[in-house]
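Observations on the model geometry
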Amino acid sequence: MFIISEIAQAHDGKIKVAHDYIEALSKTGVDAVKFQVHLAEAESSIHEPFRISVDTDDKTRYDYWKRMEFSIDEWRGLKQHCDELNLEFMASPFSNAAVDLLEKIGVKRYKIGSGEVSNFLMLKRIMETQKPIILSSGMSSFEELDKTVKYLKKHNANFSILQCTTAYPTQPVNYGLNVIQELKRRYDVKVGFSDHSAKIETCIAAASLGAEILEFHVVFDRNSKGPDASSSLEISEVEQLVVASKNIELALKNPVNKNDIAKFKELKNIFEKSLSVNKDLKKGDQLYFEDLEAKKPKGYGIDASKFEKVIGKKLKRDIEKWGFLNESDLEPK
């Protein structure tokens, strides 16, 4: 299980806040911390509309991306901070210029955002690095994914795909958990889940369905401003999710053989039951269903599962109320 916590723009363009997130997330058990590299001049224009209404003084989305930029030295500092805390530094590029910047910083792999699946120009640049690719499928149909996968396989790219629903926050009816196995069957690659639900159970469910990569947005306070705040997990929730998903992973790697119950032999003898009678009965009395009870432990009388075989038989001796019933107490029919 590879667990990616995405800071994205939660830092609001403030480098200290970005470092604070790295520090906090290092204590949660996640494997990677992911940012987004937006270079306004390379990826946007004044014509780009805001995705959602954000409480900001930025007049255009271009201005917003400009404010989110860090210098290359600041990016290097974030990468170094992650290295020091044994976290993988990750960042999604949104332009070839951003890929060039990340190559200078040094990244192990590339995460492709949902809106970049058909950006073959950038995909070509990334494939030139020969580094693994994680592809998010949020806004893509299977027809569109087929084309991208074909392009990636044509160039022998090492890639995986994340089921993702681009909705903020994503509602349960739109999680698309069924797509996880569909992606595995269709493309025969490692598959994961990218979440925007702001709930820990979503990724836990994805893990139980075979997701090998989990990604989710993180924010200190879900009520804070920011485009992803309402669809993010808070730090304490990340800690719970990591523990739960690791447990699920361990469970899936250790399938239980329901035919092998040898280790339960002692417990079965304690919990399973033997037949007894629920009233004083005399020699020669015929046994009816209403005369029987089942009592612990097993082995002191006829197994409770065999009660039908004793009904209608007569007793060879007196038995006191609550006494165990054995084969030797019964006359043959």
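Just so it is clear, the structure is predicted and the values come from calculations on it, not from any experiment. (Residues numbered from 1 in each chain as written. Predicted model: local features only at pLDDT ≥ 70, side-chain atom pairs only at ≥ 80, totals over all residues. Heavy atoms only, no water.)

For the rest of this paragraph, the subject is the domain arrangement of the protein chain. Taken domain by domain, the protein chain holds domain 1 (2-253) and domain 2 (262-329). When each unit is reduced to the centre of its C-alpha atoms, the spacing between domain 1 and domain 2 is 63 Å. (Domains from an automatic or database assignment.)

Moving on to the sheet that holds strand S4 (residues 110-112). In space, the eight strands of this open sheet follow the order S3-S2-S1-S8-S7-S6-S5-S4, with parallel pairing throughout. Where the open sheet ends on each side, the last strands, each with one partner, are strand S3 (88-93) and S4. Neighbour to neighbour, the strand axes of the sheet diverge by 25 degrees on average, direction disregarded. With three bridges connecting them, S4 and strand S5 (residues 133-136) associate as parallel partners. (Pairing = 2+ DSSP bridges. Helix = DSSP H or I, 4+ residues; strand = E, 2+ residues; numbered from the N terminus. Axes fitted to C-alpha atoms, helices over the stretch in contact; angles between N-to-C directions.)

Turning our attention to the UniProt feature "domain: AFP-like" (unreviewed entry) in the protein chain. Within the UniProt annotation, "domain: AFP-like" (unreviewed entry) is assigned to residues 274-333. For residues 274-333, helix accounts for 0% and strand for 13%, while the C-alpha atoms at its two ends are 21 Å apart. (UniProt positions renumbered as here; feature names shortened; annotations may be inferred.)

For the rest of this paragraph, the subject is the packing of helix H1 (residues 15-25) against helix H4 (residues 72-84). For the pair H1 and H4, interaxial distance at closest approach is 10 Å and the crossing angle is 15 degrees. Comparing the axis directions of H1 and H4 gives the class roughly parallel. In this structure, H1 meets H4 at a crossing whose hand is right-handed. Contacts between H1 and H4 involve Ile15, Ala18, His19, Ile22 and Glu23 on the former and, on the latter, Glu74, Gly77, Leu78, His81 and Cys82. For the contact of H1 with H4, the per-class residue count stands at five nonpolar, three polar and two charged. (Parallel < 35°, antiparallel > 145°, perpendicular 65-115°, else oblique. Left-handed = near helix turned anticlockwise from the far one by under 90°. Contact = heavy atoms within 4.5 Å. Nonpolar A, V, L, I, M, F, W, Y, C, P; charged D, E, K, R; others polar.)

Aromatic ring pairs are defined here through the distance separating the ring centres and the angle between the ring planes. Evaluated as defined, the whole model comprises 10 aromatic pairs. Taking 3.9 Å as the distance between ring centres and 15 degrees as the angle between the ring planes, the aromatic pair formed by tyrosine 21 and phenylalanine 220 counts as stacked. Remark: phenylalanine 220 occurs in the loop between strand S8 (213-217) and helix H10 (235-252) and tyrosine 21 occurs in helix H1; sequence separation between them is 199 residues. For tyrosine 21, a relative accessible area of 2% puts it in the buried group. (Phe/Tyr/Trp six-rings, centres within 6.5 Å; stacked < 30°, edge-to-face > 60°. Buried < 20%, exposed > 50% of the residue type's maximum accessible area, 1.4 Å probe, protein only.)

A separate point is the nonpolar core. The tendency in soluble globular proteins is for nonpolar side chains to be buried side by side. Ranked by size, the top nonpolar core spans 64 residues in total, and within it Phe35, Trp75, Phe89, Leu102 and Phe216 carry the most contacts. Here phenylalanine 89 is in contact with Val33, Phe35, Trp75, Leu78, Lys79, Cys82, Leu102, Ile105 and Val107, once residues within four sequence places are set aside. By size, the runner-up hydrophobic cluster in this structure holds 11 residues, among which are Leu275, Leu281, Leu315 and Ile319. (Core = buried A, V, L, I, M, F, W, Y, C linked by side-chain atoms within 4.5 Å.)

Let us look at a nonpolar patch on the surface. The grouping of Ile261, Phe264, Leu267, Ile270 and Phe271 at the surface amounts to a nonpolar patch, some 480 Å² of accessible area in total. Structurally, the position occupied by isoleucine 270 is in helix H11 (residues 265-271). Accessibility expressed as a relative area gives 44% for isoleucine 270, which makes it partly exposed. (Patch = residues over 30% accessible without salt bridge, like charges linked within 9 Å, V, L, I, M, F, W, Y side chains within 5 Å. Areas by Shrake-Rupley, 256 points an atom, 1.4 Å probe, with all protein chains shown as cover. Salt bridge = Lys/Arg side-chain N within 4 Å of Asp/Glu carboxyl O.)

Moving on, we get to the packing of H4 against helix H5 (residues 96-105). Packing of H4 against H5 brings their axes to within 10 Å, and their N-to-C directions diverge by 50 degrees. In terms of their interaxial angle, H4 and H5 are classed as oblique. For the pair H4 and H5, the sense of crossing is right-handed. Across the interface between the two elements, Ile72, Trp75, Arg76 and Lys79 from H4 touch Leu101, Lys104 and Ile105 from H5. In the contact of H4 with H5, the residues fall into four nonpolar, no polar and three charged.

Right, let's get into the side chain of histidine 11. Take histidine 11: it is sitting in the loop between strand S1 (2-6) and H1. Within the local environment of histidine 11, its side chain forms a polar contact with the backbone nitrogen of glycine 13, the two atoms lying 2.8 Å apart. (Polar contact = N/O pair within 3.5 Å; in protein donor to acceptor, adjacent residues only side chain to side chain.)

For serine 274, the location among the structural elements is in strand S9 (residues 274-277). Reaching out from serine 274, the side chain makes a polar contact with the backbone nitrogen of glycine 299 at a distance of 3.1 Å. At 3.3 Å, the side chain of serine 274 forms a polar contact with the backbone nitrogen of glycine 301. With near-sequence residues (within four places) excluded, serine 274 lies in contact with Glu293, Ala294, Lys295, Pro297, Lys298, Gly299, Tyr300, Gly301, Ile302, Ala304 and Phe324.

What follows concerns the pattern of salt bridges. Within this structure, the stated rule accounts for 25 salt bridges. Two residues, arginine 222 and glutamate 237, come together in a salt bridge whose shortest N-O distance is 2.7 Å. Of this pair, arginine 222 sits in the loop between S8 and H10 while glutamate 237 sits in helix H10, placing them 15 residues apart in sequence. Residue glutamate 237 is classed as buried on the basis of its relative accessible area, which comes to 17%.

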